[in-house]
Amino acid sequence: MNIMEYIKNNILVFDGAMGTMMQKKGLQAGELPEILSITNPEMILEIHKEYVAAGSDVVSTNTFQASEYKLKGCGYTVEEIVSAGVHLAKMSGAKYVALDIGPCGQLLEPLGSVSFDEAYELFKRQMIIGEKSGADVIIIETMSDIYETKAAILAAKENTFLPVIACLTYQQDGRTFTGTDSVTGTITLQSLGVDALGLNCSMGPKELLPIVEKILEYSKLPVIVQANAGLPQIIDGKTVYEITPLEYAGYVSKMLEAGVKIIGGCCGTTPDFIKEIRKIADRQAAVVISSPLITVVTSSTRTVILDNKITVIGERINPTGKPKLKEALKSNQIEYILREAIDQGKSGADILDINVGLPEIDEPGVIAQVIKKVQEITSLPLQIDSADIHAIEAGLRACNGRPLVNSVNGKAEVMAELFPIVKKYGAVVVGLTLDEDGIPETAEGRYAIAEKIVLTAASYGIPKEDVIIDCLTLTVSAQQNGVLATLDAIKLVKSRLGVKTILGVSNVSFGLPNRPLMNSTFLAAAMGAGLDVPILNPMSLEMMRAVDTYRVINCQDIGSANYIEKYSDSNNDLINQAYINKANSSVNKPPIENQSGNTLKLIRTSYDELEELIIEGRREDAAKQVRTLLEAKEPLEIIDECFIPALNKVGDGFEKGEIFLPSLMMSAETVKACFDVIKEVKGSDGPSTSKGKILVATVLGDIHDIGKNIAKMLLQNYGYEVIDLGKDVPVKNIIDAAKKHHVKLIGLSALMTTTVKNMKITISAIREAGIECHIMVGGAVLNPEYATFVGADFFVKDAREGVEVAKRVL
């Protein structure tokens, strides 16, 4: 029986931790677990058989880290490791074998150096050989980056016929390392066409239970949970997990009752845990869950549900009628486009339209570039807007999240071409009510096309909640009756089809004076007729007033709270002035003269603007501002007055969960660009900006350096000189570098429980060498108790805490 058929009526039991069992059987610190499938196959087969004997339906192959990056230099190829891993799993006697795919080991762009396509190829290589070797299913697990997960899912779907299970790993704040919350993760994963989804690792079942409940609320697919055996503790120098098999099984029972269909264990779980899980699974009937039928789009960190409210799409990133944007696209002035994105977000847009359609450019290449860059500076979901099928697919592939696609229409050829692409990437699609005969004059004619689009979409597996109908705004100056037909068609689509509606509002006023008045009046009429998603200029005060007012009338603005806050007498003048000033840009300010009086006020204003640019992650504009400021101020003044306050604000937002790792990294990259300007203008002989030296390294045997690299960047941005020794660093190298550079602070990183002992050995050697310095440690497996065990002075949970330690020590 196919594994997915089995899940329909049964609870599927996975195995427990492979690493924990390897350590029990003698895995050495720093030893690469995957090569044991070749060098010690008896150990791996024994572990698999123990899990099968305990009741596992599925065993996962010993291939979690079998990517080119992680196997480099081990002496074996990806193909050899994966085929050996699958072979041993099949010999275990398990019902099913899951090809285990973990993260590639490097952060993807823009947070790291690995491109989406490079990650895709890494996963593709593992998956092709895994299917050829006989795996029954692919499990993509312990993923903290939803974009990397997308690369893995597409690699699986495009190159194998195997079912795909995808698991993210969530932190205590309910988000992944890169900021994806459980609702966003669930919506995005299931839209990409996986067969089951869920979470694994990071915490114990008690801590994961609230996240599991939220996933079950939105998932249309079977949900998998593989929790750790609680949190690790150090007892007699050994790593011990706090939860017993019986306690673990108690939480498993709650999860199964809530609707979880696939259950297993992660770090710290053993065959004893699986034995107890098996008992629960055998007496617990599978629970059928149902999720709400909602229209929803996502970015990597934000979900926008379009039901029962007005959702504004910002229209300004579209070259039609915009000569400045046309020139920006032709000359690759991305910063201009980023300003448009940021300004629209500040003005109230919920989604951003991305349209780069110009005949003079490579539209597929440009739209992918623009989408990637816009995603760096905003958390808003995107609408990919193009008449070019190749541009649409390029945009869908580049998009980090679940976008809206604009558009399909009622032409049979267009639907046949676009619907398969929409289905493949799981997007929401806009349907225009026109066909081979053009735009019908009557509301009934447009409704008929809308119905055809919805029914045809369903035949491709696209449900009606993922289709939004555009009844098309005509120009009232030339087609007055046509505009009335638009409003009537909206009413028909809403009442008969029950789908969401969308309109490009400003089309109505072409050729008329006082266009804002006409636009806002038509918008109000359209919302009254049932319009859900207006595409408009959110920087238009009249338009946004109409939206804000209607949100009170339709009960979206509960208690009129937003309306009162925004339009009270004390705020109204500020709003008007804010809209007047929207077009002003800091990069267009006059040069700063080195004199007193008004110039000091201008400098202070420029400091504030630079701080805002850093917070927004606008590298080019920030670099220009620094170049101007250097005409009047010294580098250290700019660093202390602008860089540090901006980074502190970003860091505070990060600590509070208001912003997430991508924003933190973009601000750090922006400061780096500013430092480059300082070095260029002042030269290497200029005043030193260093606040002290810090040595960082990932300890011997550990090949993970993502967290270390993030800490390094942030420390550099705060003005510290960082000596980075890399990963898998021998103890002697750390000691020699510490002596050579006379450092007063060392930062050590470890991600694997097997390498924590090497951290202790390293710290002991540093102390024995007589090096007078403080040591801070960090990494996913560490906690304050571990830090004390290894002899460190400070435990830092993230890069921001590392900066605070540096301030304290240096």
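Each chain carries its own residue numbering, running from 1 in the written order of its sequence. Reporting in this predicted model follows two pLDDT cut-offs: at least 70 for local features of residues, and 80 or more for side-chain atom pairs to be given and counted; totals over whole chains, interfaces and linings ignore these cut-offs and use all residues. Heavy atoms from the whole structure form the basis of all side-chain values; hydrogens and water molecules are not counted.

(A) Layout of the overall build of the protein chain. Helices and strands together make up the secondary structure of the protein chain, namely 32 helices and 25 strands. It is over C-alpha atoms that the radius of gyration is taken, and the globule rule equals 2.2 Å times the number of residues to the power 0.38. The C-alpha radius of gyration computed for the protein chain amounts to 28 Å, which stays within 12% of the reference 28 Å derived for 810 residues, consistent with globular compactness. Each principal axis of the C-alpha atoms in the protein chain carries an extent, and together these give about 80 × 75 × 50 Å. The 810 residues of the protein chain split such that 59% are buried. A run of H or I in DSSP becomes a helix once it reaches four residues, and a run of E becomes a strand once it reaches two; helices and strands are each numbered from the N terminus. Note on exposure labels: buried denotes an accessible area under 20% of the residue type's maximum, exposed denotes more than 50%, and partly exposed covers the range between, all computed with a 1.4 Å probe on protein chains only.

(B) Region of interest: the pairing of strand S20 (residues 533-536). Taking every second residue as pointing to the same face, both faces of S20 are buried, with Val 533 and Ile 535 on one and Pro 534 and Leu 536 on the other. In this sheet, S20 lies alongside strand S13 (residues 313-314) in parallel orientation, the contact comprising two bridges. Considered in S20, the bridge of Ile 313 is made with Ile 535. We treat two strands as partners when DSSP finds at least two bridges between them. Relative to S20, strand S19 (residues 500-504) runs parallel, the two being bridged by three bridges. Of the residues in S20, the one forming a bridge with Leu 503 is Pro 534. By definition, the crossover connecting two strands over a helix is right-handed if that path, from the first strand to the second, turns clockwise as seen with the strands pointing away from the viewer. This β-α-β element, S19 to helix H20 (residues 515-529) to S20, shows right-handed connectivity.

(C) Molecular detail of helix H13 (residues 323-330). Within H13 the residues assigned to the buried category are Leu 325, Ala 328 and Leu 329. The buried residues of H13 occupy an angular sector of 95° when the element is viewed end-on, so they sit on one face. Of the residues in H13, the exposed ones pointing more than 90 degrees away from the buried face are Pro 323 and Lys 324. Structurally, H13 contributes buried residues whose contacts are with helix H14 (334-347) and helix H15 (363-377). Phi turns positive, to about 60°, at Asn 332, one or two residues after H13. Of all possible arcs, the one meant is that of the directions from the helix axis to the C-beta atoms. Contacts are residue-level and defined by heavy atoms, with any inter-residue pair within 4.5 Å sufficient.

(D) Examining the nonpolar core more closely. The definition of a nonpolar core used throughout is a set of buried Ala, Val, Leu, Ile, Met, Phe, Trp, Tyr and Cys residues joined through side-chain atoms within 4.5 Å. Ranked by internal contacts, the top residues of the largest apolar core, which has 166 residues, are Phe 123, Met 127 and Ile 263. In terms of residues, this core owes the most to one element, helix H8 (residues 146-159), which gives eight residues. Excluding anything up to four places from it in sequence, Phe 123 contacts Ile 101, Gly 102, Cys 104, Met 143, Glu 148, Ala 151, Ala 152 and Ala 155. Among the nonpolar cores identified, the runner-up in size contains 47 residues, and Tyr 607, Met 666, Leu 715 and Ala 799 belong to it.

(E) Seen up close, the side chain of Glu 276. As for its placement among the helices and strands, Glu 276 is situated in helix H12 (residues 271-283). With residues near it in sequence (within four places) discarded, Glu 276 still touches Pro 245, Leu 246 and Ala 249.

(F) Highlighting the sheet that holds S13. One closed barrel holds the eight strands; their spatial order is S13-S14-S15-S16-S17-S18-S19-S20, and the pairing between them is parallel. Where S13 and strand S14 (residues 351-354) come together, two bridges link them in parallel fashion. From the neighbouring strand, Ile 313 faces S14, where its bridge partner is Ile 351.

(G) Highlighting helix H18 (residues 443-459). A helix's residues, less one, multiplied by 1.5 Å, set its expected span. When the terminal C-alpha atoms of H18 are compared, their 25 Å separation across 17 residues agrees well with the 24 Å that a helix rising 1.5 Å per residue should span. Here H18 has its buried residues at Ala 443, Arg 446, Tyr 447, Ile 449, Ala 450, Ile 453, Val 454 and Ala 457. Summarising the axial view, the buried residues of H18 lie within an arc of 160°, below the 170-degree limit, and thus occupy one face. Turned more than 90 degrees away from the buried face of H18 sit Leu 455 and Ser 459, all of them exposed. The inward-facing, buried residues of H18 abut strand S16 (404-409), helix H17 (412-425), strand S17 (428-432), strand S18 (467-470) and helix H19 (480-497). Where H18 terminates, the next one or two residues include Gly 461, which has phi positive at roughly 85°.

(H) The arrangement of the sheet that holds strand S5 (residues 164-168) in detail. Overall, parallel pairing links the eight strands, which are arranged S1-S10-S7-S6-S5-S4-S3-S2 in an open sheet. Only two strands of the sheet have a single partner each, and these edge strands are strand S1 (12-13) and strand S2 (58-60).

(I) Structural view of the environment of Lys 452. Residue placement: Lys 452 occurs in helix H18. The partly exposed category is assigned to Lys 452, whose relative accessible area is 32%. Residues contacting Lys 452, with those up to four places away along its chain left out, are Gly 410, Met 415, Asp 435 and Glu 436.

(J) Structural context of the packing of helix H25 (residues 619-629) against helix H27 (residues 661-682). Angles shown run from 0 to 180 degrees and are taken between the N-to-C directions of axes, each axis being a line fitted to C-alpha atoms and, for helices, limited to the stretch in contact. At a closest axis distance of 9 Å, the pairing of H25 and H27 adopts a crossing angle of 35°. Here H25 runs over H27; the crossing is right-handed. Contacts between H25 and H27 involve Arg 619, Ala 622, Ala 623, Val 626 and Arg 627 from the former and Met 666, Glu 669, Thr 670, Ala 673, Cys 674, Val 677, Ile 678, Glu 680 and Val 681 from the latter. When the residues that make up the contact of H25 with H27 are grouped by side-chain class, the tally is nine nonpolar, one polar and four charged. Throughout, a crossing is termed right-handed when the near helix is turned clockwise from the far one, and left-handed when it is turned anticlockwise from it by less than a right angle. Under the scheme applied here, ten amino acids are nonpolar (Ala, Val, Leu, Ile, Met, Phe, Trp, Tyr, Cys and Pro), four are charged (Asp, Glu, Lys and Arg), and all others, including Gly, are polar.

(K) A look at the pairing of S5. Of all five residues making up S5, five are buried, and the element is well covered by its neighbours. Covered by surrounding structure in S5 are Val 164, Ala 166 and Leu 168 together with Ile 165 and Cys 167, the residues of both alternating faces. Inspection of the sheet shows strand S4 (residues 137-143) paired to S5 by four bridges, in the parallel sense. Across the sheet, residue Ile 139 finds its bridge partner in S5, namely Ile 165. Regarding topology, H8 serves as the crossover connection from S4 to the parallel S5, and that connection is right-handed. The pairing of S5 with strand S6 (residues 196-200) spans four bridges and is classified as parallel. Note on S6: the bridge partner recorded for Ala 166 is Leu 197. For the crossover that starts at S5, traverses helix H9 (residues 182-191) and ends in the parallel S6, the hand is right-handed.

(L) The arrangement of a negative patch on the surface in detail. Residues Glu 109, Asp 117, Glu 118 and Glu 121 make up a contiguous surface patch of negative charge. By the element assignment, Glu 121 lies in helix H7 (residues 116-133). According to the relative accessible area criterion, Glu 121 is partly exposed, its value standing at 43%. Patches were defined on residues exceeding 30% relative accessible area and lacking a salt bridge, with like-charge contacts within 9 Å and nonpolar side-chain contacts (Val, Leu, Ile, Met, Phe, Trp, Tyr) within 5 Å. Per-residue and other accessible areas were derived by the Shrake-Rupley procedure at a 1.4 Å probe size, with only the shown protein chains allowed to occlude residues. Salt bridge, as used here, is a side-chain nitrogen of Lys or Arg placed within 4 Å of a carboxyl oxygen of Asp or Glu. Positive charges are assigned to Lys and Arg, negative charges to Asp and Glu, while His and the chain termini are left out of the count. By convention, the charge on Lys lies at NZ, on Arg at CZ, on Asp at CG and on Glu at CD.

(M) View of unusual backbone geometry. Cis geometry marks the peptide bond from Glu 109 to Pro 110, where omega comes out at 5°. The linkage connecting Asn 406 with the following residue, Ser 407, adopts the cis geometry, with an omega of 20°. Examined against the element boundaries, Ser 407 turns out to sit in strand S16. Backbone geometry places Asn 332, a non-glycine residue, at a positive phi of 60°. Locating Asn 332 in the fold gives a position in the loop between H13 and H14. Given a relative accessible area of 44%, Asn 332 falls into the partly exposed group.

(N) Looking closely at the confidence of the model for the protein chain. pLDDT expresses, on a scale from 0 to 100, how confident the predictor is about each individual residue. Here the protein chain averages 90 in pLDDT, while 94% of its residues score no lower than 70. Considering only residues more than four positions removed or in separate chains, one finds that residues 583-602, a stretch of pLDDT under 50, has 21 contacts.

(O) Just the packing of aromatic side chains, in detail. Between 30 and 60 degrees the pair is tilted, below 30 it is stacked and above 60 it is edge-to-face, where a pair is any two Phe, Tyr or Trp rings, Trp via its six-membered ring, whose centres lie within 6.5 Å. Tallied over the full model, the rule gives six aromatic pairs. Aromatic side chains Phe 116 and Tyr 147 sit 4.7 Å apart centroid to centroid with 35° between the ring planes, which places their arrangement in the tilted category. In this pair, Phe 116 is assigned in helix H7 and Tyr 147 in helix H8, connecting sequence segments 31 residues apart. There is no split in this pair, since Phe 116 and Tyr 147 are both buried. For the ring pair Tyr 563 and Tyr 567, a centre distance of 5.1 Å and an interplane angle of 50° mean the geometry is tilted. Taken as a pair, Tyr 563 and Tyr 567 lie in helix H22 (residues 561-567) at a separation of four residues, close to a single helical turn. The class of Tyr 563 is partly exposed, set by a relative accessible area of 33%. On the basis of relative accessible area, Tyr 567 is assigned to the buried category, the value being 14%. In this scheme, the term charge over a ring applies when either NZ of a lysine or CZ of an arginine sits within 6 Å of the ring centre and within 35 degrees of the ring normal. The cationic tip of Arg 397 hangs over the ring face of Tyr 120; the distance from NZ or CZ to the ring centre is 5.0 Å.

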